[in-house]
There are 2 protein chains.
Amino acid sequence: MSQQYSSALLERAVDEFAKLPGIGRRTAMRLVLHMLRLDVGQVDAFTDAVSTLCHDVNYCSVCHNISDDEVCQICANPSRDATTICVVENVQDVMSIENTQQYRGLYHVLGGVISPMDGVGPSQLEIDSLIERVDAGGVDEVILALSSTMEGDATNFYIFRRLQGYPNVKLTVLARGMSINDELQYTDEVTLGRSLVNRVPFTGR
Amino acid sequence: MSQQYSSALLERAVDEFAKLPGIGRRTAMRLVLHMLRLDVGQVDAFTDAVSTLCHDVNYCSVCHNISDDEVCQICANPSRDATTICVVENVQDVMSIENTQQYRGLYHVLGGVISPMDGVGPSQLEIDSLIERVDAGGVDEVILALSSTMEGDATNFYIFRRLQGYPNVKLTVLARGMSINDELQYTDEVTLGRSLVNRVPFTGR
């Protein structure tokens, strides 16, 4: 082993932290030395939280979001609007939308987007279960909230085709346009073009 | 609990990661979701490394560096020069010096510096044990490698006074001056003044 570690245990802990994304060896060392200064009880709380999550993790049988139970806390919440389903790529996207505090409906986590280059087809994603949810009735709107990439657009189009047999279900997509606080001259031409084509009436708000 | 987490286990793991220094909730979430994608075995390796270190950590009885055994791997290494002791503030400093690959002697980790403002006096630091090491003989040089702060300087001076009874032990301090690659106009005046006073013969290297 390298001579710069006086302790193999220390080196192993630093190695493990340094495997995490975006954490280099210097940061890993700082984190490990921080943990060493904690009470053993606090360290146990940390390792137990990580370990329990990774061993006991479940996915909601309805929306496929991370869940502790058969059905997640969002799907099980009676105050959420069950007539609207927001289709997202992954768990982070659910949190991003929740953080806006602009949405009170339910979610459906696809687990990715259609990407032939990466060998991901519709059958690897939770698209059939989305169709089943719509088919079961009670859904008025499906919001497609995927990334505005080629793969996201392809997935949007695929879901649009699959849902054509449900004329009473409104299919919407997130608005695309200039970001809030963007300067026009720095907005890319595709976004700017789309913003122009999809311009909306000015309401003074 | 906040509605944005679909899982209490997930929230707990994110909370724990977010307690680490320099890690916000967004990064904590990214790290936790990364851990969720790992095999359970990899997660176990991570939690076990952290847990084992914090439960089993020892400090070297000689130099007080982190160690797995009674004596650390640096003190126990017969190829290191036992006649030189480098006095540092903490464990990170040992690694910083090891990383320079310019030092083959031993260390002595004080565990801090004298700081009356923070209620840290000489008795809370491993200064007595340093004097004992010197007193035991076989030491030719003690290098003071503390931070160049007021507290570091006070500690240097205190150790200098304590070691006055050992005229055969050379007491040195790290060179202070311009950093490598520093531009003169951006060097602070105290550093620049000290560099000027402590100028050394130009050897062409």
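Scroll up a little and you will see the structure.
All of the points below concern the structure found in this document. Every chain is numbered on its own, with residues counted from 1 as its sequence reads. Written order determines the labels here, with chains lettered from A and ligands numbered from 1. Two thresholds apply to this predicted model, a pLDDT of at least 70 for residue-level local features and 80 or more for giving and counting side-chain atom pairs, whereas whole-chain, interface and lining totals are computed over all residues. Hydrogens and water molecules were not included; the side-chain quantities draw on all heavy atoms of the structure.

Here a Phe, Tyr or Trp ring, Trp counted by its six-membered ring, pairs with any other such ring whose centre lies within 6.5 Å, and the pair is stacked when the planes are under 30 degrees apart, edge-to-face when over 60, and tilted otherwise. On inspection of all chains with the given rule, the structure shows 9 aromatic pairs over all chains. Judged by centre distance (5.0 Å) and plane angle (70 degrees), the ring pair of A:Phe17 and B:Phe46 falls under edge-to-face. You can see A:Phe17 sitting in helix α1 (residues 8-18) and its partner B:Phe46 sitting in helix α3 (residues 40-56), one on each of two chains. In this structure, A:Phe17 and B:Phe46 share a single accessibility class: buried. Ring geometry for A:Tyr103 and A:Tyr107: centres 5.2 Å apart, planes at 65 degrees, overall edge-to-face. Across this residue pair, the class does not change: A:Tyr103 and A:Tyr107 are buried. The numbering of helices and of strands both runs from the N terminus, where a helix is a DSSP run of H or I of at least 4 residues and a strand a run of E of at least 2. Whether a residue is buried, partly exposed or exposed follows from its accessible area with a 1.4 Å probe, protein chains only, as a fraction of its type maximum: under 20%, in between, or over 50%, in that order.

This brings us to the sheet that holds strand β6 (residues 170-173) of chain A. Residues and elements named next belong to chain A. Should DSSP find at least two bridges between two strands, the strands are regarded as paired. The strand order across the open sheet formed by 4 strands is β4-β3-β5-β6, and the pairing between neighbours is parallel. Every other strand in the sheet has two partners, leaving β4 (105-109) and β6 as the edge strands with one partner each. Each adjacent strand pair in this sheet contributes to an overall mean axis angle of 25 degrees, direction not counted. Sheet contacts for helix α4 (residues 91-100): β3 (81-88) and β4; angle to β4, the most-contacted strand, approximately 160 degrees. Whether two residues are in contact is decided by their heavy atoms, any of which lying within 4.5 Å being enough. Fitted lines through C-alpha atoms serve as axes, helices being fitted only where they are in contact, and the angles separating the N-to-C directions of these axes extend from 0 to 180 degrees. Against the sheet, helix α5 (residues 127-135) touches β3, β4 and β5 (141-144), its axis set at about 150 degrees to β4.

Take helix α5 (residues 127-135) of chain B next. Residues and elements named next belong to chain B. Every buried residue of α5 is listed here: Ile127, Ser129, Leu130, Ile131, Arg133 and Val134. Packed against the buried residues of α5 are β3 (81-88), β4 (105-109), β5 (141-144) and α6 (150-162). In the stretch just after α5, Gly137 is the one whose phi turns positive, near 90 degrees.

The partner chain B presents 56 residues to the 56 residues of chain A that form the contact. Together chain A and chain B conceal approximately 5,300 Å² of surface at their shared face, both sides included; 67% is due to carbon and sulfur atoms. When a carboxyl oxygen of Asp or Glu lies within 4 Å of a side-chain nitrogen of Lys or Arg, that pair is called a salt bridge. Summed over the shared surface of chain A and chain B, the result is 2 salt bridges. In the analysis that follows, any N or O atom pair within 3.5 Å is treated as a polar contact, provided that within protein one partner can donate a hydrogen and the other can accept it, and provided that, for residues neighboring in sequence, both atoms belong to side chains. Run the count over chain A and chain B and you get 12 residue pairs in polar contact (both at pLDDT 80 or more). Only α1, α2 (25-37), α3 (40-56), β2 (66-67) and α4 of chain A provide two or more residues apiece to the side of chain A that touches chain B. In terms of residue count, α3(A) provides more of the side of chain A that touches chain B than any other element does, 16 residues in total. When residue character is reported, Ala, Val, Leu, Ile, Met, Phe, Trp, Tyr, Cys and Pro are called nonpolar, Asp, Glu, Lys and Arg charged, and the others, Gly included, polar. A class-by-class count of the residues in the side of chain A that touches chain B yields 30 nonpolar, 16 polar and 10 charged. Computed with a 1.4 Å rolling probe, the buried area is the accessible surface lost when two parts are put together, summed over both parts.

Alignment of the copies relies on least squares applied to C-alpha atoms, considering only residues that score at least 70 for pLDDT in both. Of the transformation placing chain A onto chain B, the axial shift is 0.0 Å and the rotation is 180 degrees, giving an RMSD of 0.1 Å. Read as a symmetry element, the transformation amounts to a two-fold axis. Closest approach to the rotation axis among the C-alpha atoms of chain A is made by A:Thr47, whose C-alpha sits 2.6 Å away. With an isologous cut-off of 70% or more, the 100% of interface residues of chain A that recur at the interface of chain B puts this contact in the isologous class.

Attention now moves to the packing of helix α1 (residues 8-18) of chain B against helix α2 (residues 25-37) of chain B. All names here are of chain B. At a closest axis distance of 8 Å, the pairing of α1 and α2 adopts a crossing angle of 125 degrees. When the interaxial angle is binned, α1 and α2 end up oblique. For the pair α1 and α2, the sense of crossing is right-handed. Contacts between α1 and α2 involve Leu10, Ala13, Val14, Asp15, Phe17 and Ala18 from the former and Arg25, Ala28, Met29, Leu31, Val32, Leu33, Met35 and Leu36 from the latter. When its residues are assigned to classes, the contact of α1 with α2 shows 12 nonpolar, no polar and 2 charged. Angle categories: roughly parallel below 35 degrees, roughly antiparallel above 145, roughly perpendicular from 65 to 115, and oblique for all the rest. Should the near helix be turned anticlockwise from the far one by less than a right angle, the crossing is left-handed, and should it be turned clockwise, the crossing is right-handed.

Residues and elements named next belong to chain B. One can find Cys86 in strand β3. Classification of Cys86 as buried rests on a relative accessible area of 3%. Once residues within four sequence positions are removed from consideration, Cys86 is found in contact with Ile97, Tyr103, Leu106, Tyr107, His108, Ile143 and Ala145.

Residues and elements named next belong to chain A. Along the chain, Glu141 turns up in strand β5. Here the positive residues are Lys and Arg and the negative ones are Asp and Glu; neither His nor the chain ends is included. Among buried charged residues, Glu141 stands out as having no salt bridge; its nearest opposite-charge side chain is Lys170, 4.1 Å away. Discounting chain neighbours no more than four positions away, the residues touching Glu141 are Thr83, Thr84, Ile85, Val169, Lys170 and Thr172.

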